[in-house]
Amino acid sequence: MSDALINGLAGAGGGIIAQLITYPLQTVNTRQQTERDLKKEKRKLGTVQRMCQVVKDEGWGRLYGGLTPSLAGTAASQGVYYYFYQIFRNKAEAAALEQMKIGIGDGSVGMLSSLLVAALSGCVNVLLTNPIWVVVTRMQTHTKISKSLPSQTRSIPSDEAILAAAAEPPPYGTVHAIQEVYDEAGVWGFWKGVFPTLIMVSNPSIQFMLYETMLKKLKKRRALSKQGNNGITALEIFLLGALAKLGATVVTYPLLVVKARLQAKQVTTSDKRHHYKGTLDAILKMIRYEGFHGFYKGMSTKIVQSVLAAAVLFMVKEELVRGSRFLLTSKATKKLKS
């Protein structure tokens, strides 16, 4: 099994576990990003309050709306990303060694090369998996009719109440979301928000650049220490992943909000504030009608969700890679002995 495939599978496994743990926060954050009701904005509900409101009005299930395609998207995204990241990383390391032979550099991959490797991997990932995330965004932002009926409904005669209940739309599933996107914009609708998403490649690029830099420095410090312990613990990987993601999220969050607005269902009303024709149109309208603070809606929720998810992903991924290599090494050793 190639090193790229091991990293790809480990990344997919780590991404799924991280997604399962942090998904309710992701749903709440997507709703905060796409909120355009000025009356609701004035309430300024916090993350926990918003989560409780969703549970009260729509049930626990809505916090996990779109979980199935999201898990598929996470597995695909992380698998594709880590697979190509390792391939590009290996090429960058080989190029660095070749340069060292002719007296250029120390043979290690520099910060700029790490950034380029992460960016290329991210672009491949975005182009292949964007349709999945369009569907996930639709399902996360779909609002279910409140379970608590108004007082007028309670006074309706029983026959009419039964007919009203029967008229309630069916559950909003993956197929409904796919059909809705296709009806709105055809096949190209599944690549809505791809431009800001491609720019958002800078997020994991910055994240990996920070992560690799901090990890490299930590390993060097361990190598120079008198203790002679060069190993990095799972907790240290967790903390490095969290710090790297925090830095990347703060820098690129406005693009994430624009992407979510474009991928959410467009409100077809006479109010021009609620309809975006494209990336530039969305940015200009957000600045005009909401101000620059509109680009940072739900940022505190996103920081908690993304930092926790990234930390868990890095920790699980590194442990899976380490375990896989150990098993492969053990099998190879047994074959040689036999």
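Residues numbered from 1 in each chain as written. Predicted model: local features only at pLDDT ≥ 70, side-chain atom pairs only at ≥ 80, totals over all residues. Heavy atoms only, no water.

Within an unreviewed UniProt entry, the label attached to the chain reads Mitochondrial carrier domain containing protein, and the organism entered is Trema orientale. Per UniProt, the chain carries the Subcellular location (unreviewed entry) text "Membrane". (UniProt positions renumbered as here; feature names shortened; annotations may be inferred.)

Asker: What exactly am I supposed to notice about the overall build of the chain here?
Answerer: A count of helical and extended segments in the chain gives 13 helices and zero strands. The 338 residues of the chain split such that 43% are buried. Within the chain, counting contacts between residues at least 6 apart in sequence, those at least 24 apart form 82% of the total. For the chain, the computed accessible surface area is about 18700 Å², with 66% contributed by carbon and sulfur atoms. (Helix = DSSP H or I, 4+ residues; strand = E, 2+ residues; numbered from the N terminus. Buried < 20%, exposed > 50% of the residue type's maximum accessible area, 1.4 Å probe, protein only. Contact = heavy atoms within 4.5 Å. Areas by Shrake-Rupley, 256 points an atom, 1.4 Å probe, with all protein chains shown as cover.)

Asker: Explanation requested: the packing of helix α1 (residues 3-34) against helix α11 (residues 234-263) in the structure shown.
Answerer: Contact pair α1 / α11: the axes reach a minimum separation of 9 Å and the direction vectors enclose 85°. One finds that α1 runs roughly perpendicular with respect to α11. For the pair α1 and α11, contact is made by N29, Q33 and T34 and by Y253, L256, V257, A260 and R261, respectively. Split into classes, the residues belonging to the contact of α1 with α11 amount to four nonpolar, three polar and one charged. (Axes fitted to C-alpha atoms, helices over the stretch in contact; angles between N-to-C directions. Parallel < 35°, antiparallel > 145°, perpendicular 65-115°, else oblique. Nonpolar A, V, L, I, M, F, W, Y, C, P; charged D, E, K, R; others polar.)

Asker: Which parts of the structure should I look at to understand the nonpolar core?
Answerer: Nonpolar side chains in soluble globular proteins generally cluster together in the buried interior. Y85, F208, Y211, L215, I237 and F314 are the most contacted members of the largest nonpolar core, which has 21 residues in total. Sorting the residues of this core by element identifies α4 (67-101), α5 (111-141), α10 (202-224), α11 and α13 (299-337) as the ones contributing at least two each. Per-element accounting of this core gives the leading share, five residues, to α13. When near neighbours in sequence (up to four residues on either side) are disregarded, I237 contacts Y211, L215, I232, F314, M315 and E318. Counting 11 residues, the second-largest nonpolar core is a separate cluster that includes M200, Y253, V258 and L262. (Core = buried A, V, L, I, M, F, W, Y, C linked by side-chain atoms within 4.5 Å.)

Asker: Looking at this model, I keep getting lost on the packing of aromatic side chains. Mind explaining?
Answerer: Each aromatic ring pair is described using two quantities: the centre-to-centre distance and the angle formed by the ring planes. The full count for this structure, using the stated rule, is four aromatic pairs. Look at Y81 and Y85: their rings are 6.0 Å apart centre to centre, the planes differ by 15°, and that puts the pair in the stacked class. A residue pair is termed a helical-turn pair when its members lie 3 or 4 positions apart in one helix, as Y81 and Y85 do in helix α4 at four residues. For the pair shown, Y81 and Y85 are each scored as buried. For the ring pair Y83 and F84, a centre distance of 5.4 Å and an interplane angle of 90° mean the geometry is edge-to-face. (Phe/Tyr/Trp six-rings, centres within 6.5 Å; stacked < 30°, edge-to-face > 60°.)

Asker: When you look at the environment of S324 in this model, what are you seeing that I'm missing?
Answerer: Positionally, S324 belongs in helix α13. Taking the C-alpha atoms as reference points, S324 and A10, 314 residues apart in sequence, are found 8.7 Å from one another. Looking at S324, its side chain comes within polar contact range of the main-chain oxygen of L320, at 2.8 Å. (Polar contact = N/O pair within 3.5 Å; in protein donor to acceptor, adjacent residues only side chain to side chain.)

Asker: How should I be thinking about the pattern of salt bridges in this particular structure?
Answerer: Should their charged atoms come close, side chains of opposite charge can pair. Taken as a whole, this structure holds nine salt bridges when the rule is applied. The partner of R138 in a salt bridge is E184, and the shortest N-O contact between them spans 2.8 Å. In this pair, R138 is assigned in helix α5 and E184 in helix α8 (residues 174-185), connecting sequence segments 46 residues apart. Classification of R138 as buried rests on a relative accessible area of 2%. E236 is paired through a salt bridge with R222; the nearest N and O atoms lie 2.2 Å apart. (Salt bridge = Lys/Arg side-chain N within 4 Å of Asp/Glu carboxyl O.)

Asker: Can you help me understand a positive patch on the surface in this one?
Answerer: Among the surface-exposed residues, K216, K217, K220 and R221 lie close enough to one another that they form a single positively charged patch. Position of K216 among the secondary structure elements: in helix α10. Since its relative accessible area comes to 39%, K216 is described here as partly exposed. (Patch = residues over 30% accessible without salt bridge, like charges linked within 9 Å, V, L, I, M, F, W, Y side chains within 5 Å. Lys, Arg positive; Asp, Glu negative; His and termini not counted. Charge placed at Lys NZ, Arg CZ, Asp CG, Glu CD.)

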